[in-house]
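In case you want the letters, here they are:
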Amino acid sequence: MNIFRTKDVSLRQTEMHRHLKLWDLILLGIGAMVGTGIFTITGTAAATLAGPSLVISIVISALCVSLSALFFAEFASRVPATGGAYSYLYAILGELPAWIAGWLTIMEFMTAVSGVASGWAAYFKGLLSNYGISMPQALNGTFNPEQGTYIDLLPILVLTLVTGLVLLNSKAALRFNSLLVVLKFSALALFILVGIWYIKPENWMSFAPFGFGQIYGGSTGIMAGASLMFFGFLGFESISMAVDEIQSPQKNIPRGIVLSLTIVTILYALVTIVLTGIVHYSKLNVDDAVAFSLRSIGIGWAANYVSLVAILTLITVCISMTYALSRMIYSLARDGLLPRSFKQLSKTSRVPKNATILTGVASAIAAGVFPLASIAAFLNICTLAYLILLAYGIIKLRKDKGMPKEGEFKTPLVPLLPILSILICVSFMLQYSLDTWIAFGIALLVGLIIYFTYGFRHSTLAEEE
C-alpha cells in the first residue's frame with residue numbers, strides 16, 4: 001500500500017485557455033488578500049489583542065507569509081501545475097501528504113469565502129439600517145433559535161451571484177474582479193489621505209498595551225495579533241492555482257505572488273497606523289472599523305464612501321477565492337482523488353463547471369449557518385498546517401532535484417528559511433484555543449477517511465498500477 005507514490009505533474013497539457021498576464025495575477029492576489037482583513041479584522045485585533053503595535057503584528061505575519069510565498073514561487077517555476085501546494089507536494093512528497101495539503105486548502109478557501117460573504121453581509125446590513133430597512137429576523141443571522149435566527153440569507157445570495165460570475169468564464173470574472181480592486185484601492189487611499197490629518201499622537205502613547213505576548217501558547221499581545229492578522233494575507237496562493245490559464249507561468253507566478261504580497265503588506269501597515277492614530281485602539285472592536293473611525297472624526301461622507309466600496313469590493317475576495325477553490329477541486333478530481341465529475345469543463349468557456357457549483361453551494365451553506373468568529377481561527381490553522389508541509393517540501397525538492405536551473409526562481413538560504421517558516425507557523429498555531437484544535441482534528445480526520453475510502457483506490461496512479 002504505497003501512500004507516498006509521487007506523480008510527475010509538470011508535463012501535462014492544459015485544456016484551459018492561457019490568457020492571464022502578470023497584471024491579471026497581481027490584481028487576483030490583491031483581490032483575494034485585501035478584504036475582510038483590512039476592513040474588519042484590523043480593528044478587532046487592535047482592540048482586543050495588540051493595540052497600535054498591531055503594525056508590528058502585521059510585519060511578523062507578512063514575514064511568515066513572505067517565506068511561504070518564496071517557496072510557492074520556486075515550486076511554481078520548477079513544478080508548474082494546477083493545484084498549488086497540493087500539486088507541488090504530489091510531485092515531491094507523495095500522494096498522502098499532497099491529499100492532506102489539498103484537503104486543508106479546500107477547508108481554507110471554503111471557510112474564507114464563507115467568512116468574507118458574512119463580512120459583506122454585515123456591512124450591507126449596516127448600510128440598510130441607516131435607511132430603516134432590516135431583514136426578517138429568521139433570515140437575519142446564523143443558526144441560533146434562542147435569538148430567533150435560523151439562516152443568514154444575504155451571504156447566500158451574494159455567493160450565488162459570485163458563483164454565476166465565475167461560471168461565465170475566468171476572463172470575464174477576473175476583469176470584473178480587477179475593476180472592483182481598483183475601486184477598493186480608491187477607498188483605502190481616501191481613508192489614508194483624509195485620516196492622516198486627524199491623527200492624534202497621544203493615541204499611540206500606549207503603543208503595546210498587551211505586551212509582546214508569548215512565542216508559543218499566548219492569547220494576547222503582538223504575537224497573538226500576528227496569528228490573527230495572518231487571516232488578512234490568506235489568498236496569495238490563489239495565483240499559483242491558476243497556472244493552467246497563465247501566460248509564461250514559470251516567470252509570471254513568482255512575480256505575481258511577490259508583487260501582490262508586497263503591495264498588500266504596505267497597505268495594511270499604512271491603514272493600521274492611521275486607524276489607531278485617529279481613534280483610540282480600545283474603541284475599535286467594531287465590524288466596520290475603517291468607516292467607524294471616519295465617522296468618529298465627523299467625516300461622514302468619506303465613511304459612507306468607504307462603507308459602500310467595502311460592500312461592493314468584498315465581493316472581489318469571494319470571486320478570487322471561489323475561482324481558486326474550484327481549480328483546487330478540479331485538480332483533485334483530475335487526479336482521481338475526488339469524483340471525476342468535478343473535472344468536467346464547460347464546452348464554451350472551458351471552466352470547471354461542477355467544481356465551481358460545488359464551491360458555491362458548500363460556501364453558501366457555511367456562510368448562512370456558521371458565524372464569522374467561529375471560522376476565522378479554523379481557517380488560519382488549516383492554512384498554517386499545509387504551509388508547514390510546503391516548507392518541508394522545498395527542502396525535499398532541493399535534495400531530490402538539486403538547485404534551480406537558469407531562469408527558475410531560487411529561494412535563498414535553504415534549508416534555513418524553511419526551518420524558520422516551520423517554527424513561525426507552529427508558533428501561530430499554538431496561539432489558538434482547544435476548540436479550534438478540536439475542529440482542526442475533526443476536519444483532518446474527515447479528510448483522511450475520504451482518502452482511504454475513495455481517493456487511494458480511484459487515484460489515477462492506482463489505475464496505472
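Residues numbered from 1 in each chain as written. Predicted model: local features only at pLDDT ≥ 70, side-chain atom pairs only at ≥ 80, totals over all residues. Heavy atoms only, no water.

This part covers the confidence of the model for the protein chain. On average, the protein chain scores 82 in pLDDT, and the residues at 70 or more come to 88%. Ranking the elements of the protein chain by mean pLDDT puts helix α1 (residues 22–33) last with 76 and helix α15 (residues 434–458) first with 93. (pLDDT = per-residue confidence, 0-100. Helix = DSSP H or I, 4+ residues; strand = E, 2+ residues; numbered from the N terminus.)

A word on helix α3 (residues 54–78). Counted at 1.5 Å a residue, the expected span for α3 with its 25 residues is 36 Å, and the 36 Å between its end C-alpha atoms agrees. Burial analysis of α3 places 21 of its 25 residues in the buried class, which makes it a mostly covered element. (Expected span 1.5 Å × (residues − 1). Buried < 20%, exposed > 50% of the residue type's maximum accessible area, 1.4 Å probe, protein only.)

Further remarks concern the pattern of salt bridges. Inspection of every chain in the model, using the stated rule, returns 4 salt bridges. Between Arg78 and Glu74 there is a salt bridge, with its nearest N and O atoms 3.0 Å apart. Pair noted here: Arg78 and Glu74 are both in helix α3, with a separation of 4 residues, about one helical turn. Residue classification places Glu74 among the buried residues on the basis of a relative accessible area of 0%. Linking Lys396 and Asp400 is a salt bridge whose minimum nitrogen-to-oxygen distance equals 2.7 Å. Here the residue Lys396 and the residue Asp400 both occupy positions in helix α13 (residues 372–401), the gap between them amounting to 4 residues, near one helical turn. What makes Asp400 partly exposed here is its relative accessible area of 42%. Put simply, Glu74, Arg78 and Arg398 are held in one network by salt bridges that share partners. (Salt bridge = Lys/Arg side-chain N within 4 Å of Asp/Glu carboxyl O.)

Another point: the packing of aromatic side chains. This structure, assessed with the given rule, holds 11 aromatic pairs. Between Phe230 and Phe428 the ring centres are 6.1 Å apart and the planes differ by 65°, which places this aromatic pair in the edge-to-face class. Separated by 198 residues along the polypeptide, Phe230 in helix α8 (residues 222–233) and Phe428 in helix α14 (residues 416–429) bring together distant segments of the chain. By relative accessible area, which is 0% here, Phe230 ends up buried. Between the aromatic rings of Tyr451 and Phe456, the centroid separation amounts to 6.0 Å while the plane-to-plane angle is 75°, which identifies the pairing as edge-to-face. (Phe/Tyr/Trp six-rings, centres within 6.5 Å; stacked < 30°, edge-to-face > 60°.)

Okay, unusual backbone geometry next. A cis amide bond links Val414 with the next residue in sequence, Pro415, at an omega value of 15°. Mapped onto the elements of the fold, Pro415 is located in the loop between α13 and α14. Within the chain, Leu413 stands out as a residue other than glycine whose phi angle is a positive 55°. Within the element layout of this structure, Leu413 appears in the loop between α13 and α14.

With 25 residues, α15 ought to run about 36 Å at 1.5 Å a step, and its terminal C-alpha atoms sit 35 Å apart, in line with that. The largest bend in α15 amounts to roughly 45° and is located at Tyr451. By the burial criterion, the buried members of α15 are Thr436, Phe440, Ala443, Gly447, Tyr451, Gly455 and Phe456. (Bend = angle between axes of the 7 residues up to and from the residue.)

What follows is about a nonpolar patch on the surface. Together, Leu430, Leu434, Trp437, Ile438, Ile442 and Val446 make up a nonpolar patch on the protein surface, roughly 540 Å² of accessible area in all. Structurally, the position occupied by Ile442 is in helix α15. (Patch = residues over 30% accessible without salt bridge, like charges linked within 9 Å, V, L, I, M, F, W, Y side chains within 5 Å. Areas by Shrake-Rupley, 256 points an atom, 1.4 Å probe, with all protein chains shown as cover.)

As a further point, take the nonpolar core. Phe39, Phe72, Phe191 and Phe428 are the most contacted members of the largest nonpolar core, which has 148 residues in total. With 18 residues, the single largest contributor to this core is helix α11 (residues 300–334). (Core = buried A, V, L, I, M, F, W, Y, C linked by side-chain atoms within 4.5 Å.)

This part is about the environment of Met321. Note that Met321 resides in helix α11. Of the residues examined, Met321 reaches a relative accessible area of 3% and is grouped as buried. Separated by 293 residues in sequence, Met321 and Leu28 place their C-alpha atoms 9.1 Å apart.

Among the structural elements, Leu67 can be located in helix α3. When the C-alpha atoms of Leu67 and Pro418 are compared, they prove to be 7.4 Å apart, with 351 residues separating the residues in sequence. Sequence-distant contacts of Leu67, that is, excluding residues within four places in its chain, are made with Leu417, Leu420, Ser421 and Ile424. (Contact = heavy atoms within 4.5 Å.)

Glancing now at the packing of helix α10 (residues 289–296) against α11. Orientation of α10 relative to α11, taken along the N-to-C sense of each, is 170°, at an axis distance of 8 Å. Of the possible angle classes, the one that applies to α10 and α11 is roughly antiparallel. Taken together, the residues of α11 that come into contact with α10 (itself represented by Val290, Ala291, Leu294 and Arg295) are Ala302, Ala303, Asn304, Val306 and Ser307. The class makeup of the residues in the contact of α10 with α11 is 6 nonpolar, 2 polar and 1 charged. (Axes fitted to C-alpha atoms, helices over the stretch in contact; angles between N-to-C directions. Parallel < 35°, antiparallel > 145°, perpendicular 65-115°, else oblique. Nonpolar A, V, L, I, M, F, W, Y, C, P; charged D, E, K, R; others polar.)

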